[in-house]
Amino acid sequence: MPTEPRLILILGDQLSHTYVAETLVAVPGADVVLMVESADFVKRQPYHAKKIVLLWSAMRHFAAELRGLGYAVEYVRQEENRRFKDAVVDTAAAHGAKTVAFVRPRERATRRGLHKFLSEAGLAIAEHPDPFWYTAPESFATWLAGRKSPKMEDYYRDVRKRNGILMVGNLPAGGEWNHDKQNRKPFPKKHAPIPPFRAEPDEITQEIIEVVRGLHLSFGLYGAVNGFASPVSRADAEAALTFFVLYCLRDFGAYEDAMTTRDDFGFHSLLSIALNLSLLSPRECIDAAVAAYERGDVPINSVEGFVRQIIGWREFMYHMAESFPGDYQTTNTLNHTRPLPAFYWTGDTKMRCLRHVTRRVLENGYSHHIERLMVLGNFALLYGANPHELNKWFWSLYLDAYEWVVTPNVVGMSQFADGGWVATKPYVSSGAYIDRMSDYCGDCVYNPKEATGDTACPFTTLYWSFLIEHESDPLSQRMTQNLFGLRGKTDEERAAITARKAVLLTMIDDL
Ligand SMILES: Cc1cc2nc3c(=O)[nH]c(=O)nc-3n(C[C@H](O)[C@H](O)[C@H](O)COP(=O)(O)OP(=O)(O)OC[C@H]3O[C@@H](n4cnc5c(N)ncnc54)[C@H](O)[C@@H]3O)c2cc1C
Ligand code: SF4
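All of these numbers come straight from a predicted model, not from anything done at the bench.

A.B. asks: If you had to explain the pairing of strand β4 (residues 99–103) to someone new, which residues and values would you point to?
C.D. replies: Among the five residues in β4, four count as buried, and that is most of the element. Bridge count for β4 against strand β5 (residues 124–128) is five bridges, and the pairing is parallel. Residue pairing in the sheet places Ala101 in a bridge with Ala126 of β5. With helix α5 (residues 108–120) bridging β4 and the parallel β5, this β-α-β connection has right-handed handedness.

Structure representation (structure tokens):
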């Protein structure tokens, strides 16, 4: 007796053979796999053109691979202009499938919407846990329960111990859990950039590039498709991981926080793009990095730094956001409501750090962590920009941005708008930090050491005024280190900083 087919739904960021073959155990010739280039997606907000190329090209490559393995694949192309919901319900009906099986979507809104419309359509739901997380949601809830101030560091050590990652018996390899102190070097003067990994566009990608050029005209996307070279297949993603381990991992740790006008990528992996599409699993990235350490190819501070990013920050942010008791889409603890300055969208500003980083994002759909946190996020927080407008900016422009990861990072970590749920302190700094970690300030029209006067660095003015404004409110308890520096300021200096801030606010578009 032939069994009734299931509809195996693969979302655009679930392009993993492990999911299809092992988690959902799709049966070639019996089950039907469905993938949808949703019309809802591009209409939701204007994205970076390269992001749309990435998503659709990766989806089409994955569908082709599945067909090559003998699976029956229904693939809805964007030009069919179908709503996601209709595509799923109609395809299930066309194949007589009464059950829709899928891996638990990472995006909450998708999860809610999917459950709702499948139930309304009378379809049975078979939702499977995502095997790529090191910690299952229930297990994270147990870890979190009763903790007054959950910290990434504690969670990270727990994951390392439980999974035996970089452990020698019960002790951390290299004798320390955290090698951050060695990981704060600026680039040397003679820093020679490594050309980034490129996956040259094949025929499938070329076709999508043309489609997206057309969409550009109708939807007004951001950025250009020119130069697109991100991984769009499993083979590309594996090659990107190998490239990182071979050429970048050795210096990853030491220069993790360094910024320069001369290098868009430093020694960063750019692997978030493939990881967030599930073209790579976090486990294989960790395994490859640890194997390089065990071969003696890379130092402990680099491998530990990398491992911390993936099993520490990435997992922690996901689980913490899932457990947030409020609503991440609306929370705004500091009541910041100023519109995001226009230069975020144009790169048109005299502030050299922001000019370089925003132009880099508009060009590549990427900038590294410290540029996101200490340049783009830092300025928006000090200026008092609406955190949700900033979130939309990141979400639209970054190739690795999806709601589950971008929102806790922007709204939580960088803007402290969740009241400190994911971050222990507001990440604020004056121009002095940017000057120490980059070569941006040297030729800037502003001076990072000055807080007042026409050439004062806006970061520096806004930093001190942020501290003055929060000196006596509950936020001060999270900023004791920063406030220490404020104690030396006289009343006159404080008044001059406040006055300079008032001027900056009137000329934000001319800064
Ligand atoms: C304001 C802001 C916005 C961000 N938006 C995103 C986003 O939309 N998508 C995204 O994947 N990451 C985001 N991050 C986290 C981090 O900046 C990126 O993951 C990282 O820069 C990606 O580049 P990479 O692959 O070269 O990272 P690497 O420096 O090579 O790090 C290795 C990996 O660690 C993981 N990682 C490190 N930190 C985090 C983190 N805080 N959250 C999640 N993963 C992390 C990523 O998967 C990354 O690929 C954001 C951080 C900030 C401060
Ligand atoms: S001086 Fe200030 S605005 Fe100019 S590059 Fe440095 S931090 Fe940025």
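A.B. asks: How would you summarise the site of ligand 1 if you had to cite specific residues and measurements?
C.D. replies: The local shell around ligand 1 holds 27 residues, among which His268, Ser269, Leu270, Asn276 and Tyr366 are the closest. Taking His369, its side chain carries an N or O atom lying 2.8 Å from an oxygen atom of ligand 1. For ligand 1, whose free accessible area comes to 800 Å², the fraction covered by protein is 99%. Those elements that provide at least two residues to the shell around ligand 1 are α10 (272–275), α12 (300–323), α15 (369–383) and α17 (403–414). Element by element, the count of residues in the shell around ligand 1 is highest for α12, at six residues. Tallied by class, residues from the shell around ligand 1 come to 15 nonpolar, nine polar and three charged. Here the shell around ligand 1 gathers at least three residues from each of two domains, domain 2 (137–323) and domain 3 (343–510).

A.B. asks: Give me the sheet that holds β4: which residues, what numbers.
C.D. replies: Sheet architecture is open: five strands sit in the order β3-β2-β1-β4-β5, paired in parallel fashion. Strand pairing shows two members of the sheet lacking a second neighbour, β3 (72–76) and β5, which therefore form its edges. Across the sheet, the mean angle from the axis of one strand to that of its neighbour is 25°, orientation sign disregarded. Bridge analysis of strand β2 (residues 32–36) against β3 gives five bridges, and the strand direction is parallel. Bridge pairing links Val33 to Val73 in β3. Together, β1 (7–9), β2 and β3 form the strand contacts of helix α4 (residues 84–95), whose direction differs from that of β2 by roughly 160°. Of the strands in this sheet, β1, β4 and β5 are in contact with α5, which crosses β5 at around 155°.

A.B. asks: Run through the pattern of salt bridges, naming residues and quoting values.
C.D. replies: Tallied over the full model, the rule gives 33 salt bridges. The salt bridge partner of Arg160 is Glu304, with a shortest N-O separation of 4.0 Å. Separated by 144 residues along the polypeptide, Arg160 in helix α7 (residues 152–163) and Glu304 in helix α12 bring together distant segments of the chain. Arg213 serves as the salt-bridge partner of Glu210, at 2.8 Å between the closest nitrogen and oxygen. Of the two residues, Glu210 and Arg213 both sit in helix α8 (residues 203–219), three residues apart, roughly one turn of that helix. Its relative accessible area of 47% is what places Glu210 among the partly exposed residues.

Cut-off values and rules
Residues numbered from 1 in each chain as written. Chains lettered and ligands numbered in written order. Predicted model: local features only at pLDDT ≥ 70, side-chain atom pairs only at ≥ 80, totals over all residues. Heavy atoms only, no water. Buried < 20%, exposed > 50% of the residue type's maximum accessible area, 1.4 Å probe, protein only. Helix = DSSP H or I, 4+ residues; strand = E, 2+ residues; numbered from the N terminus. Pairing = 2+ DSSP bridges. Right-handed = clockwise from strand over helix to strand, strands pointing away. Near = heavy atom within 4 Å. Polar contact = N/O pair within 3.5 Å; in protein donor to acceptor, adjacent residues only side chain to side chain. Areas by Shrake-Rupley, 256 points an atom, 1.4 Å probe, with all protein chains shown as cover. Nonpolar A, V, L, I, M, F, W, Y, C, P; charged D, E, K, R; others polar. Domains from an automatic or database assignment. Axes fitted to C-alpha atoms, helices over the stretch in contact; angles between N-to-C directions. Contact = heavy atoms within 4.5 Å. Salt bridge = Lys/Arg side-chain N within 4 Å of Asp/Glu carboxyl O.

These figures come from the coordinates and say nothing about function on their own.
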